[in-house]
Amino acid sequence: MLFKSNGKILLSSEYLVIDGAKSIALPAKLTQDLLVSKCDKNSIEWQSFDKHGNLWYEDRFLIDNNNLVSQGKENIISEKILSLLNHISKTNELKSFLGNKFITKLHFDRKWGLGSSSTFVNNLAKWANVDPYKLLFSTFNGSGYDIACCDVNHPIIYNKMGNYISVKKANFNPPFLDKLFLVYLGKKQNTQTSIENYSKIQIDKYELIQKINSITDEFLKCNDLNHFEKIIEEHEAIISKLISISPIQKSTFSDYKNGRIKSLGSWGGDFVLATSKNKDLSYFHNKGLTATFPLSEMVYIN
């Protein structure tokens, strides 16, 4: 059995999406696959390959005293897999897992932060026929917007209020789309660490959420690049004040004059969104940031 799930880009409401803000999420055209086949009936075999076909993770799991245990060296990947499988075992008999070989294959760079965890969880949920959101929340912190991106080929508006999740199709295809680019910063941000740090911020976020919701609506209605860039600045200022981190254009790219830059997802790593009025990205290339892509090349647009 072969399962596929899309990666993701969070365009608006980073951090605040966890507390109920509306967000625009863009499913990536790049996926992670999960192939499940039969193997030794007394174990679970696991292999994970990167985009180049290189094996980067391998383990074998057995049942010991009615518990799944790893046969490899203790590591965080095996711990996450065990946690997910143990959650699935609440509705699926543990012994039914034995005799399966799981092979995951990424079609994007592991360091890019496009959703290597969420696509993996969603594929596993499809194999086990369980709720992917519940499976995600059993092991990972977050809002779940990344799960919502896994099986759709269009932008979405994602909103989670308590246990209620709303996923609606979003109309995002601005006339200046060809002037929007993704730039990889050269380092992967640890999403779980970022979420843990954010959760320590103890303030009333109601007004901030209302402002971000309004900006999210503006992103979707905007037909002018100059206005879009002003919205980016407003959004960056709000999140900057919330998490006490300077906007990346001020801290790192203050001499960029060709447009505006917006952080995406966890601040400080992974991708940023850059506008470029003349579509010239030499500024970033000269800084050694050569992994640049037109936004429309990386994600699904209406």
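Since the structure is predicted, the reported quantities are computational estimates derived from the model, not experimental observations. (Residues numbered from 1 in each chain as written. Predicted model: local features only at pLDDT ≥ 70, side-chain atom pairs only at ≥ 80, totals over all residues. Heavy atoms only, no water.)

Describing the nonpolar core
- With 42 residues, the main nonpolar core has Leu 16, Leu 180, Phe 228, Phe 271, Leu 273 and Leu 295 as its most contacted residues.
- Those elements that place two or more of their residues in this core are strand S2 (23-38), strand S9 (180-184), helix H6 (206-221), helix H7 (225-243), strand S11 (271-275) and helix H10 (295-298).
- Sorting elements by how many residues they give to this core places H7 first, with eight residues.
- If we ignore the near neighbours within four places in the chain, the residues touching Leu 16 are Ala 21, Tyr 198, Lys 205, Leu 208, Ile 209, Ile 212, Ile 239 and Leu 242.
- By size, the runner-up hydrophobic cluster in this structure holds 38 residues, among which are Val 130, Ile 147, Ala 148 and Ile 156. (Core = buried A, V, L, I, M, F, W, Y, C linked by side-chain atoms within 4.5 Å. Buried < 20%, exposed > 50% of the residue type's maximum accessible area, 1.4 Å probe, protein only. Helix = DSSP H or I, 4+ residues; strand = E, 2+ residues; numbered from the N terminus. Contact = heavy atoms within 4.5 Å.)

Describing the sheet that holds S11
- Taken together, four strands build an open sheet; the order of strands is S10-S11-S9-S12 and the sheet is antiparallel. Only two strands of the sheet have a single partner each, and these edge strands are strand S10 (261-263) and strand S12 (292-294). Between one strand axis and the next, the sheet turns by 25° as a mean value, whatever way the strands run.
- With five bridges joining them, S9 and S11 adopt antiparallel strand pairing. Note on S11: the bridge partner recorded for Val 183 is Val 272. (Pairing = 2+ DSSP bridges. Axes fitted to C-alpha atoms, helices over the stretch in contact; angles between N-to-C directions.)

Some details on the layout of surface pockets
- Volume-wise, the second largest pocket comes out at about 200 Å³.
- Looking at the second largest pocket, the residues that line it are Ile 232, Glu 233, Glu 236, Ala 237, Pro 247, Gln 249, Lys 250, Ser 254, Arg 260 and Ile 261.
- Those elements that place two or more of their residues in the lining of the second largest pocket are H7 and helix H8 (248-251).
- The leading source of residues in the lining of the second largest pocket is H7, at four residues. (1 Å grid on protein atoms, 1.4 Å probe; cavity = no way out; pocket = protein on both sides within 12 Å on 5 of 7 lines; lining within 4 Å. Points joined across faces, edges and corners; volume = space filled by probe spheres on them.)

Observations concerning the pairing of strand S7 (residues 156-161)
- S7 sits mainly inside the fold: five of its six residues count as buried.
- Bridging between S2 and S7 involves three bridges; their strand directions are antiparallel. Bridged to Ser 23 within S7 is Tyr 158.
- Looking at chain direction, S7 and strand S8 (residues 164-169) are connected through six bridges and run antiparallel.

Comments concerning the environment of Val 167
- One can find Val 167 in strand S8.
- Owing to a relative accessible area of 37%, Val 167 belongs among the partly exposed residues under this scheme.
- Spatially, the C-alpha atom of Val 167 lies 9.9 Å from that of Lys 22, the residues being 145 residues apart in sequence.
- When near neighbours in sequence (up to four residues on either side) are disregarded, Val 167 contacts Tyr 133, Ala 148, Ile 156, Ile 157 and Tyr 158.

A closer look at the packing of aromatic side chains
- For the structure on display, the rule yields 19 aromatic pairs.
- Residues Trp 46 and Phe 102 carry aromatic rings whose centres are separated by 4.5 Å and whose planes lie at 10° to one another, so their mutual orientation is stacked. Of the two residues, Trp 46 is situated in strand S3 (residues 44-49) and Phe 102 in strand S6 (residues 100-106); the sequence distance between them amounts to 56 residues. The residues Trp 46 and Phe 102 share a single accessibility class, namely buried.
- What links up through ring pairs into an aromatic cluster is the set Trp 46, Phe 61, Phe 97, Phe 102, Phe 120 and Trp 127.
- When the ring centre of Trp 56 is taken as origin, the NZ or CZ atom of Arg 110, which lies over that ring, is 3.7 Å away.
- Positioned over the ring face of Phe 137 is Lys 160, at 5.2 Å from the centre of the ring. (Phe/Tyr/Trp six-rings, centres within 6.5 Å; stacked < 30°, edge-to-face > 60°. Lys NZ or Arg CZ within 6 Å of the ring centre and 35° of its normal.)

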